[in-house]
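Read off the chains here:
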Amino acid sequence: MTPAHFTGPAAPYTGGDPYADYRSPDPDEIPFTALADLADRRIGGTVLAASDEFFAERDHLLAPAPAHFDPAAFGTRGKIMDGWESRRRRAVTADDHDWALIRLGAPGVVHGLLVDTAHFRGNHPRAVSVEATEAEGHPDAATLLGGATRWTELVPRTETGGHAANVFEVATAARRRFTHLRLRQYPDGGIARLRAYGEVRPDPAWLRALGTFDVAALEYGGLAEDASDRFYSSPLNTITPGRPRTMGEGWETRRRRDDGNDWVRYRLAGRCVVRAVEIDTGCYKGNAPGHAAVSVRDGAAGRWRVLLPRTALLPDTVHRFVVPDAPPATHARLDIFPDGGIARLRLYGSLS
């Protein structure tokens, strides 16, 4: 099924919930949103430069939270918007446009993009396009925009709509490792958020140099492939960098009323040997799990083997365990008993 994008402006805001008339596709049409956002600021994504940010700064594009709208907020330059907004262009030609240059937080293969124009109702771009490139090292904006950089088209110039989640699937032929994106909007206007969903592909030489690292970490290629419950938050949160500041930055399940337990299955950065486990229940004080266990397997069809047996957990605590003589593994599974919230899971080891 082809993901949806929208055309035309939205109705003017007349009060009440600003998201009440927000246009977005059926979640079943965009399965790639379960993947990591490679541009996420929390893993190092940034907007290196933009052609114009007169009304609203480019940095808003990668903010993790949904765009906020305050109808009463005005500044000396006009309406204050939670997004990136350029001034109106005059004497416009067919190819006139504004652009923003994004460095992905983690290099990877982009499967789909979300160009979110939330709250930009009559001041959204008429069309957008997205290109990508793979660049070594830490090039600056001038280098990337120079003639030597080769860009690959991920989203061709496509009409978009105001106050809408415009979703684009990347063609299979264009799915390879990239480090930077260039977002163009024609001819001008405002975009609230940009998301680049995909699979992390770190530099193998860097992982070899590290030796021991968190083999489940999102930034090194780990992925939460599946989970028993995503009611309050995503299991991807458990493998993001840093410690949580609130419960909303971890993975929390609803309260179970049966005899089962909740779990997350992870794909690790590669075939590796885990030597230590860290389970963080930070910020979960009245809803931490009572116990947890960790298992690993080698290959998608391998047999699960216990790495950390069922172990009691404390609320709001970083738990650390040494696991000697662990077998090689490509996948891991965290089981919590019976339910609750886990802030982070760290599996320290090295590639085999």
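As shown above, the structure is provided for reference.
Residues numbered from 1 in each chain as written. Predicted model: local features only at pLDDT ≥ 70, side-chain atom pairs only at ≥ 80, totals over all residues. Heavy atoms only, no water.

Just to check I follow, could you spell out the nonpolar core for this structure?
Grouped burial of nonpolar side chains is what soluble globular proteins tend to show. In this structure, Leu113, Leu154, Leu181, Leu183, Val277, Ile279 and Leu347 are the most contacted members of the largest nonpolar core, which totals 74 residues. Tallying contributions element by element places strand β6 (residues 98-116) first for this core, with eight residues. Counting seven residues, the second largest nonpolar core, distinct from the first, contains Ala67, Phe69, Met81 and Phe120. (Core = buried A, V, L, I, M, F, W, Y, C linked by side-chain atoms within 4.5 Å. Buried < 20%, exposed > 50% of the residue type's maximum accessible area, 1.4 Å probe, protein only. Helix = DSSP H or I, 4+ residues; strand = E, 2+ residues; numbered from the N terminus.)

Explanation requested: the layout of surface pockets in the structure shown.
Rolled over the atoms, a probe sized like a water molecule indicates the empty space that remains. The computed volume of the largest pocket comes to approximately 870 Å³. Lining the largest pocket are 30 residues, and of these Thr33, Pro64, Arg195, Tyr197 and Ser234 sit closest to its centre. If you list the elements that add at least two residues to the lining of the largest pocket, you get β1 (36-37), β6, β9 (165-169) and β12 (193-200). Among the elements that line the lining of the largest pocket, the one with the most residues is β12, at three residues. (1 Å grid on protein atoms, 1.4 Å probe; cavity = no way out; pocket = protein on both sides within 12 Å on 5 of 7 lines; lining within 4 Å. Points joined across faces, edges and corners; volume = space filled by probe spheres on them.)

What should I look at first to understand the environment of Leu334 in this one?
Relative to the assigned elements, Leu334 resides in strand β20 (residues 329-337). Judged by its relative accessible area of 0%, Leu334 falls in the buried class.

For this particular structure, what's the right way to read the side chain of Thr281?
Mapped onto the elements of the fold, Thr281 is located in the loop between β16 (262-280) and β17 (291-297). Among the residues examined, Thr281 registers a relative accessible area of 0% and is labelled buried. Apart from residues no more than four positions distant in its own chain, Thr281 is found in contact with Ala288, Pro289, Leu313, Leu314, Pro315, Asp316, Thr317, His319, Gly341, Ile342 and Ala343. (Contact = heavy atoms within 4.5 Å.)

I'm lost on the pattern of salt bridges in this one. Help?
Side-chain pairs of opposite charge can arise whenever the charged atoms involved come near each other. Tallying each qualifying case throughout the model produces 25 salt bridges. One salt bridge in this structure joins Asp95 and Arg157, with 3.6 Å as the shortest N-O distance. Remark: Arg157 occurs in strand β8 (residues 152-159) and Asp95 occurs in the loop between β5 (84-85) and β6; sequence separation between them is 62 residues. Its relative accessible area of 44% is what places Arg157 among the partly exposed residues. A salt bridge links Arg175 to Glu169, with the nearest nitrogen and oxygen atoms 3.3 Å apart. A relative accessible area of 42% means that Glu169 is categorised as partly exposed. What emerges from the salt-bridge pattern is a single network uniting Arg89, Asp96 and Asp98. (Salt bridge = Lys/Arg side-chain N within 4 Å of Asp/Glu carboxyl O.)

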